[in-house]
Amino acid sequence: MIHIENILQKSVSEAFKNLYNTEIEPKNLKFQPTRKEFEGSHTLTCFEFAKKAGKAPDAIGNDLGNYLLKNCLNISKFNVVKGFLNVSISNEYLINFSLFSNAKTNFDFEKNGEKVMVEYSSPNTNKPLHLGHLRNNFLGFAMANVFRANGFEVIKANLINDRGIHICKSMLAYLKFGNNETPDSSGLKGDKLVGKYYVEFEKQLKLEKAILISNGNSEEEADKKVSLMQDAQKMLLAWENGDTKVLALWNKMNNWVYEGFNSTYKSIGVSFDKFYYESNTYLLGKEMVEEGISNGIFYQKEDKSVWIDLTAEGLDHKLVLRSDGTSVYITQDMGTADLKYKEFGINKSIYVVGNEQDYHFNVLFLILKKMGKPYASGLHHLSYGMVDLPSGKMKSREGTVVDADDLVQEMKDEAQKQTTELGKIDGFSADEAEKLYENIGLAALKYYLIKVDPKKRMLFNPAESIDFHGYTGPFIQYTHARICAILRKSNELSISTNVSFESLVLENCERNIITQILLLDKTIKQAAEEYSPSVIANYVYEVAKTYNSFYAELSIFQEKDAQKVAFRVLLSCLTGKVIKYCLEIIGIESPEKM
RNA sequence: GAUUUCGUAGCUCAACUGGAUAGAGCACCUGACUACGAAUCAGGAGGUUAGGGGUUCGAAUCCCUUCGAGAUCACCA
């Protein structure tokens, strides 16, 4: 079945040719949804054609409308208001679309032959995951699904920052103050335990520095003299030199962290196909520096440090290799980008990383482009805004960080509380109920974080996030559960849907749902083009709302006309599939009862 | 200081990328369960899109400017 939008574009293009002898490519005819105060579902603005056609916008609208009415069977009505052409789709088309829809409602369809890697999460191993990571994880996971829905083969990657001064700090504090405690002995999750020693390090460091200052040292002198910091640096050196004791401790503590992370990943429902570890990648990229020097893209200073001049692009000179020959962050990222391409032959590579690193990625991508790397044009930084709290920024130093595990648990508890109050899940086993609370709590949390445009900074309001009414994940889940109840009842009543719909006339609220569902494909494409799962979150909310409106206005089983009953059951079924599919893309489950 | 992102109802967010009278949710007010699930629906109130100027048939969106907020600007990662 050809999509109505393509039909409209093609017909209008023909109209321009026949009426005004003007060539306009179908794809350049952009229809928009009609505002609900006007009749119709698809709108074309006619102002831009006034010059080409040599007529006033209103006249063009009328010409086009009449042409469509005559030549396009799928249009039943039109009206023109101040240069806007609003058209109504015929009953036949909408009914056929609903019955035989090729709207995609699962991931099982043709691949486009392209491969994309989505790197997300990418935590440091010195502290547990927090609210900011949750936005990252939900976005990354959803983005991967968006690409899948667009026919890409997707590799979800996690580049773990497992080495460096940060983990040495935790290790050192653990050695000094840890008394050999373990996750088992302390009853703490592994990542929490290691995080505890990172905090301890910072605390002791502050203490030592304060003493130094009170003994007459200046701030700067104190910074230099602090023994803890010096010890941490020594430890990093020992690590780099392969000191077995240090490596053993490093392995032990990092493994604790991974256990903790895995448990969190599992509970929030995200997963990865490939893990990279910086301890394996941090030396990469040096050959590329050589390559860059030899073909004149990089230059070397007298002190042997290597740089690239990006002033022509409005940026600065950027160091790519230190004077002592060691790598910096960007060297490693160059190497890793290369590695990813060589390992997977990816066409696109997405980095889900906060917008504080915008400059870094600008520089990175520019360097790779200047080096003429074949994958350079497929690189994209999915830059997302920070998550603020009502009290302001999250700051680990001030203890205002919202822990991911705690938050998930709170959402689950809240789901349990509200579900129990409503008393709608009689007959659920304890396990089923538990699963449901998780589903609903996570839905609320995920939806809350995903519905906002990723690029934008957002506010996390705890009170609002646990609201299950209105513009929320549970609202959409509820609509789905309602639909499931309808389908169950339809089965019980043995409603036959195998009837003829020839004389069926659709009600407005039915047309509204179908019109919404017509937008599914476009929405999924848009989400990929804009790197924004929020597009789907907003869309599926509209679908649910439109359905609820229909649900309240019309009865299904009280209806006397058998074809209406059958059609409404089928339409409910289709809507349910669309909702489930969209929620699945953004990582939210669709319970059948709640 | 330089670069950059942003500023929309009391609050949190939309606005199909330059289109119609700027829309939703929360909160507030009114109504609807002896209906197929009220985690719902219908309605009301709430706006000089931070301020000013410009571009044009038409601006929240593009340009200039003022004010305000964030981020980045290390031989850190």
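Up top is the structure.
Residues numbered from 1 in each chain as written. Chains lettered and ligands numbered in written order. Predicted model: local features only at pLDDT ≥ 70, side-chain atom pairs only at ≥ 80, totals over all residues. Heavy atoms only, no water.

**Student:** Would you mind going over helix H11 (residues 244-268) in detail, with residue names and values included?
**Tutor:** Taking 1.5 Å of rise per residue, 25 residues should cover 36 Å, and H11 covers 36 Å from first to last C-alpha, within 8% of that figure. Measuring from the side-chain oxygen of the N-cap residue of H11 to the backbone nitrogen of Lys245 gives 2.9 Å; that N-cap residue is Asp243. At the C-terminal side of H11, Gly269 shows a positive phi close to 75 degrees. (Helix = DSSP H or I, 4+ residues; strand = E, 2+ residues; numbered from the N terminus. Expected span 1.5 Å × (residues − 1). Polar contact = N/O pair within 3.5 Å; in protein donor to acceptor, adjacent residues only side chain to side chain.)

**Student:** Explain the packing of aromatic side chains to me, using residue names and the numbers behind them.
**Tutor:** Inspection of every chain in the model, using the stated rule, returns 27 aromatic pairs. Ring centres 4.6 Å apart and planes at 35 degrees place the aromatic pair Tyr120 and Phe272 in the tilted group. One end of the pair, Tyr120, is in the loop between strand S5 (115-119) and helix H5 (131-149); the other, Phe272, is in the loop between H11 and strand S7 (274-277), and 152 residues separate them in sequence. Each member of the pair, Tyr120 as well as Phe272, is classed as buried. (Phe/Tyr/Trp six-rings, centres within 6.5 Å; stacked < 30°, edge-to-face > 60°. Buried < 20%, exposed > 50% of the residue type's maximum accessible area, 1.4 Å probe, protein only.)

**Student:** Let's hear about the side chain of Arg163: which residues, and what values?
**Tutor:** Residue placement: Arg163 occurs in the loop between strand S6 (153-160) and helix H6 (165-177). In this structure the side chain of Arg163 is engaged in a polar contact, spanning 3.1 Å, whose partner is the side chain of Glu240. Setting aside residues up to four positions removed in sequence, Arg163 forms contacts with Leu236, Trp239, Glu240, Trp250, Glu278, Ser279 and Tyr282. (Contact = heavy atoms within 4.5 Å.)

**Student:** Can you lay out the packing of helix H10 (residues 227-240) against H11 for me, pointing to particular residues and giving the numbers?
**Tutor:** With their axes 8 Å apart at the nearest point, H10 and H11 run at an angle of 100 degrees to one another. One way to sum up the angle between H10 and H11 is to call them roughly perpendicular. When H10 is examined against H11, the residues Met235, Ala238 and Trp239 are found in contact with a partner set consisting of Val246, Leu247 and Trp250. In terms of residue class, the contact of H10 with H11 is built from six nonpolar, no polar and no charged. (Axes fitted to C-alpha atoms, helices over the stretch in contact; angles between N-to-C directions. Parallel < 35°, antiparallel > 145°, perpendicular 65-115°, else oblique. Nonpolar A, V, L, I, M, F, W, Y, C, P; charged D, E, K, R; others polar.)

**Student:** Please give an account of the pairing of strand S4 (residues 84-89) that cites residues and values.
**Tutor:** The element S4 is largely enclosed, with a buried count of five among its six residues. Relative to S4, strand S2 (residues 42-45) is paired through four bridges, and the arrangement is antiparallel. In the sheet register, His42 faces S4, and the bridge partner there is Val87. Across six bridges, the pairing between strand S3 (residues 75-81) and S4 is antiparallel. From the neighbouring strand, Val81 faces S4, where its bridge partner is Phe84. Between S3 and S4, which pair antiparallel one after the other, the connecting turn spans two residues, and Lys82 there sits at a positive phi close to 45 degrees. (Pairing = 2+ DSSP bridges.)

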